Amino acid sequence: IIKRLKKKYSINIQSLTGDHFMQKPFWKVSNNFQLLNDFKNLIISCKKLKIKYIIIPLVDNGSLKNKKEELYFISICKKLSNFIKKNKVQIIFESDYPPLKLKNFIKKLDKRLFGINYDSGNSASLNYDVDNEFKLYGKRILNVHIKDRKKYGKTVRLGQGNANLKKLFKNLKNINYKGNLILQTARSKNNKDIDEIKINLEYLKNLTKRLNVQQ
């Protein structure tokens, strides 16, 4: 069905975000054979659909809470490395780790297979500094979610929260980023989501124009 819809509407799907992993994180279950098998089947499906990036959210219920969980998760990733390489996908992590901790985490994994998904809203809500984040692990960023959130708060319309999108686009330009920019903005409060998307797109167009960033 997805292949048919891709062809019909000329859609190129570059990434898949596995939010369902937060419901049942395979790295938090001891008897996880079936969950790991489901993950491998997802990788195979992504190869068939020519989806290059699979995003695993290490946030909320999927967050790595201690060193033991981190080491176990890294061991799973390493065991799956050959399988991931064979299927020509890359696994990207969206994490709530502080910048230095995230740098130390991602450098333990093969940069050809594993990278980072940068979420501007999540970083803003955690009060992380964009310049510092990109300085520490900018070269490992393979995908970007555009979002705005209040400090320690909820997702809001672009420009109404604490996300420093000016700094974000300047840093993306500095690393010559050519990947996805995926809107994960707040939903409409009156069920007019398409109108809300248009408002956010217009905000981004004006911002990038002022910054002289290629759209």
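Here, every reference points to the structure presented above.
The rules behind the values
- Residues numbered from 1 in each chain as written.
- Predicted model: local features only at pLDDT ≥ 70, side-chain atom pairs only at ≥ 80, totals over all residues.
- Heavy atoms only, no water.
- Helix = DSSP H or I, 4+ residues; strand = E, 2+ residues; numbered from the N terminus.
- Buried < 20%, exposed > 50% of the residue type's maximum accessible area, 1.4 Å probe, protein only.
- Lys, Arg positive; Asp, Glu negative; His and termini not counted.
- Salt bridge = Lys/Arg side-chain N within 4 Å of Asp/Glu carboxyl O.
- Polar contact = N/O pair within 3.5 Å; in protein donor to acceptor, adjacent residues only side chain to side chain.
- Contact = heavy atoms within 4.5 Å.
- Expected span 1.5 Å × (residues − 1).
- Arc of directions from axis to C-beta.
- 1 Å grid on protein atoms, 1.4 Å probe; cavity = no way out; pocket = protein on both sides within 12 Å on 5 of 7 lines; lining within 4 Å.
- Points joined across faces, edges and corners; volume = space filled by probe spheres on them.
- Nonpolar A, V, L, I, M, F, W, Y, C, P; charged D, E, K, R; others polar.
- Phe/Tyr/Trp six-rings, centres within 6.5 Å; stacked < 30°, edge-to-face > 60°.
- Axes fitted to C-alpha atoms, helices over the stretch in contact; angles between N-to-C directions.
- Parallel < 35°, antiparallel > 145°, perpendicular 65-115°, else oblique.
- Left-handed = near helix turned anticlockwise from the far one by under 90°.
- Pairing = 2+ DSSP bridges.

Caption draft 1: Expanded view of the side chain of K6. Within the secondary structure layout, K6 lies in helix α1 (residues 2-9). Buried charge K6 goes without a salt bridge, the closest partner of opposite sign being D19 at 20 Å. A distance of 2.6 Å separates the side chain of K6 from the backbone oxygen of L49, its partner in a polar contact. Excluding its chain neighbours within four sequence positions, the residues that come into contact with K6 are I11, I13, L49 and K50.

Caption draft 2: Local environment of helix α9 (residues 193-211). In this model α9 runs 27 Å from its N-terminal to its C-terminal C-alpha over 19 residues, within 8% of the 27 Å that 1.5 Å per residue would give. Residues of α9 that are buried: E196, N200, L204, L207, T208 and L211. Buried residues of α9 fall within an arc of 100° about the axis and therefore sit on the same side. Residues of α9 that are exposed and angled more than 90 degrees away from the buried face: I194, K198, K209 and R210. Contact partners of the buried residues in α9: β5 (141-146), α8 (165-174) and β8 (181-183). Just downstream of α9, N212 is the residue with a positive phi angle, here 60°.

Caption draft 3: Inspection of the layout of surface pockets at higher detail. Here the second largest pocket defines a volume of roughly 270 Å³. If you go around the second largest pocket, you meet 15 residues; those closest to its centre are V59, D60, E94, N122 and R149. Residue composition of the lining of the second largest pocket, by class: four nonpolar, five polar and six charged.

Caption draft 4: Region of interest: the packing of aromatic side chains. Inspection of the entire model under this criterion finds twelve aromatic pairs. Note on F21 and W27: the rings are 6.5 Å apart at their centroids and 55° apart in plane angle, and the pair reads as tilted. Taking the relative accessible area as the measure of exposure, F21 reaches 4% and is therefore buried. We classify W27 as buried; its relative accessible area is 2%. Ring geometry for F93 versus F114: centroids 5.9 Å apart, planes at 10°, classification stacked. Here the residue F93 occupies a position in strand β3 (residues 90-95), and F114 occupies one in strand β4 (residues 114-119), the gap between them amounting to 21 residues.

Caption draft 5: Examining the packing of α8 against α9 more closely. Between α8 and α9, whose axes approach to 11 Å, the crossing angle comes to 60°. In terms of orientation, α8 lies oblique with respect to α9. With respect to the hand of their crossing, α8 and α9 are arranged in right-handed fashion. Within the contact between the two elements, α8 uses L165, K166, F169, K170 and K173 and α9 uses Y203, L204, L207, T208, R210 and L211. Here the residues of the contact of α8 with α9 are counted per class, giving six nonpolar, one polar and four charged.

Caption draft 6: Highlighting the sheet that holds β5. Reading across from one edge, β1-β2-β3-β4-β5-β8 is the order of the six strands in this open sheet, with parallel pairing throughout. A strand with exactly one partner marks an edge of an open sheet, and here the two such strands are β1 (15-17) and β8. With direction set aside, neighbouring strand axes in the sheet form an average angle of 30°. The pairing of β5 with β8 spans three bridges and is parallel.

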